[in-house]
Amino acid sequence: MAARTRRTADADERAGFFAHQRPAPALRPLVAWYSGYREAGVPPATHRGLPSPYLTVIVTLDDPLVVAAHPDPRTPPGSYDTLVGGLHTGPALITHDGRQSGVQLALTPLGARALLGLPAGELSGLDLDGAEVLGRLAGELRERLLEAPGWDERFAVLDAVLSRHARPTRAHPAEVARAWRRMLAAGGQVTVSGLARETGWSTRHLNGRFREEIGLSPKEAARVVRFDRVRRLLQKAVASGRRLTLADAAAECGFYDQAHLAREFGALAGCSPSRWLAEEGGHGSELFRNVQAGAGDGSPDSVA
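Undergrad: Summarise the packing of aromatic side chains; cite the residues concerned and give the values.
TA: Tallied over the full model, the rule gives five aromatic pairs. Seen in terms of ring centroids, Y34 and F155 are 5.8 Å apart; in terms of plane orientation they differ by 25°. Their pairing is stacked. One end of the pair, Y34, is in strand β2 (residues 31-39); the other, F155, is in helix α5 (residues 151-165), and 121 residues separate them in sequence. Taken individually, Y34 and F155 each receive the classification buried, so the pair is uniform in this respect. Taking the relative accessible area as the measure of exposure, F155 reaches 2% and is therefore buried. Grouped by ring-pair contacts, the aromatic residues Y34, W151 and F155 constitute a single cluster. Cation over ring: R154 sits above W151, and NZ or CZ is 4.4 Å from the ring centre. Taking NZ or CZ as reference, R226 lies 5.5 Å from the ring centre of F255, over its face.

Undergrad: Talk me through the packing of helix α7 (residues 192-199) against helix α8 (residues 203-214); I want residue IDs and the actual numbers.
TA: In a pair of packed helices, the angle between the axes and the distance between the axes together describe the arrangement. One way to put it is that α7 packs onto α8 with a least axis distance of 9 Å and a crossing angle of 95°. Taken as axis vectors, α7 and α8 run roughly perpendicular relative to one another. Taken together, the residues of α8 that come into contact with α7 (itself represented by V192, S193, L195, A196 and T199) are T203, L206 and N207. Partitioning the contact of α7 with α8 into residue classes produces four nonpolar, four polar and no charged.

Undergrad: Go over the pairing of strand β7 (residues 82-85) with me, naming the residues and quoting the values.
TA: Two faces, one strand: in a regular strand the side chains alternate between the faces of the sheet. Side chains T82 and V84 project from β7 onto one buried face, and the interleaved L83 and G85 project onto a second face that is buried too. For strand β4 (residues 55-60) and β7, the ladder comprises four bridges, and the chain directions are antiparallel. Within β7, the residue paired with V57 across the bridge is V84. Two elements, β7 and strand β10 (residues 127-129), share three bridges in a ladder whose sense is antiparallel. Following the sheet pairing, G85 is matched in β10 by D127.

Undergrad: So what about the nonpolar core? Which residues, and what values?
TA: In this structure, L105, L116, M183 and F210 are the most contacted members of the largest nonpolar core, which totals 54 residues. For M183, the residues in contact, after removing those within four places along its chain, are G188, V190, L195, F210, P218, A221, A222 and V225. Ranked by size, the runner-up nonpolar core spans 20 residues in total, among them A237, L244, F255 and L277.

Undergrad: Could you give an account of the packing of helix α4 (residues 136-147) against α5, naming the residues involved and the relevant values?
TA: Two numbers describe how α4 lies on α5: the axes approach to 9 Å, and their chain directions differ by 155°. Classified by the interaxial angle, the pair formed by α4 and α5 is roughly antiparallel. The chirality of how α4 crosses α5 is right-handed. Between α4, through L137, E140, L141, R144 and L145, and α5, the contact on the second element is made entirely by R154, V157, L158, V161, R164 and H165.

Undergrad: Any chance you could break down the sheet that holds strand β3 (residues 45-49) for me, citing the residues and the numbers?
TA: With respect to topology, four strands assemble into an open sheet ordered β3-β8-β5-β6, the strand pairing being antiparallel. Of all strands in the sheet, those bounded by a partner on one side alone are β3 and β6 (78-80). The sheet shows a mean angle of 35° between the axes of neighbouring strands, taken without regard to direction. Bridge count between strand β5 (residues 65-69) and β6: three bridges; the pairing is antiparallel. Looking at the pairing, V67 lines up with G78 of β6.

Undergrad: Tell me about the sheet that holds β2, residues and numbers included.
TA: Strand order across the open sheet formed by six strands is β1-β2-β9-β4-β7-β10, with antiparallel pairing between neighbours. The open sheet has two free edges, formed respectively by β1 (17-21) and β10, since each of these has just one partner strand. Strand-to-strand twist of the sheet, defined as the mean angle between neighbouring strand axes without regard to direction, takes the value 15°. Its contacts with the sheet place α5 against β1, β2 and β9 (100-107), and it is angled at close to 145° to β2.

Undergrad: Break down α7 for me, citing the residues and quoting the values.
TA: Each α-helix turn comprises 3.6 residues. Residues three or four places apart therefore point the same way. Taken together, the buried positions of α7 are occupied by V192, G194, L195, A196 and T199. In this fold, the buried residues of α7 make contact with α6 (174-185), α8 and α9 (218-240). Once α7 finishes, G200 follows within two positions and takes phi at roughly 80°, a positive value.

Cut-offs applied
- Residues numbered from 1 in each chain as written.
- Predicted model: local features only at pLDDT ≥ 70, side-chain atom pairs only at ≥ 80, totals over all residues.
- Heavy atoms only, no water.
- Phe/Tyr/Trp six-rings, centres within 6.5 Å; stacked < 30°, edge-to-face > 60°.
- Helix = DSSP H or I, 4+ residues; strand = E, 2+ residues; numbered from the N terminus.
- Buried < 20%, exposed > 50% of the residue type's maximum accessible area, 1.4 Å probe, protein only.
- Lys NZ or Arg CZ within 6 Å of the ring centre and 35° of its normal.
- Axes fitted to C-alpha atoms, helices over the stretch in contact; angles between N-to-C directions.
- Parallel < 35°, antiparallel > 145°, perpendicular 65-115°, else oblique.
- Contact = heavy atoms within 4.5 Å.
- Nonpolar A, V, L, I, M, F, W, Y, C, P; charged D, E, K, R; others polar.
- Pairing = 2+ DSSP bridges.
- Core = buried A, V, L, I, M, F, W, Y, C linked by side-chain atoms within 4.5 Å.
- Left-handed = near helix turned anticlockwise from the far one by under 90°.

Have a look at this one:
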């Protein structure tokens, strides 16, 4: 049944199709968004799974997800029908041979207990087979997504299954939730001492409880939030044709200067901003030649 439905769906969907949707309102404190993707007949490629403020759940549709390198280098390469990943501070390298399809869920760290049954801290830096975390639900979810005839129906399946599966849990400490939301609202431009003052906790106590519930220390999380903001800003600038210097992007997103942005991008993405944009944009080096300019000639780096 699933295979027959999948062939019908493939006939109705063009290669290179992407869909994006927010979950049902009741799930939004737990899941930020759903994203569906299907590509076929494209050149084989490697994609960087970058650090972000969200845990990742991926459910494949046709071919397994092939992870050539995990954020934790001690984890061997592997292929997955479903995958659950915690917050991390390094890239994953995901390869495909010209076709890939699946659904990705962006889980909020504060939603991990309700949907995964454990705090986000227990998944920090890890990529795990979905069945190790979700048990039989991982297989059920994939089967039902395979049976759905289109993206609207797949997203409806996610709403139904997650709403049924979400369980009441021990509440997060209000101080951690407040510190996390403050960090997101500020785009990572916060200090640990400032968060500690706002929560009324000591810096040491905040560090411990924050790492347990979120999966990163407050300092690490601020780096990831700031990085996520600047890489999205750069990506949008390229997509819209807006000219944006890296120095301006650094200032807008709270980096000390362009050099600080470049160092952080290298540490968190494993490459320079120009290389990442070229890889993800698929436009080749010509579009991004101005990003690379200026390293030694005094001219500003820019995108677009």
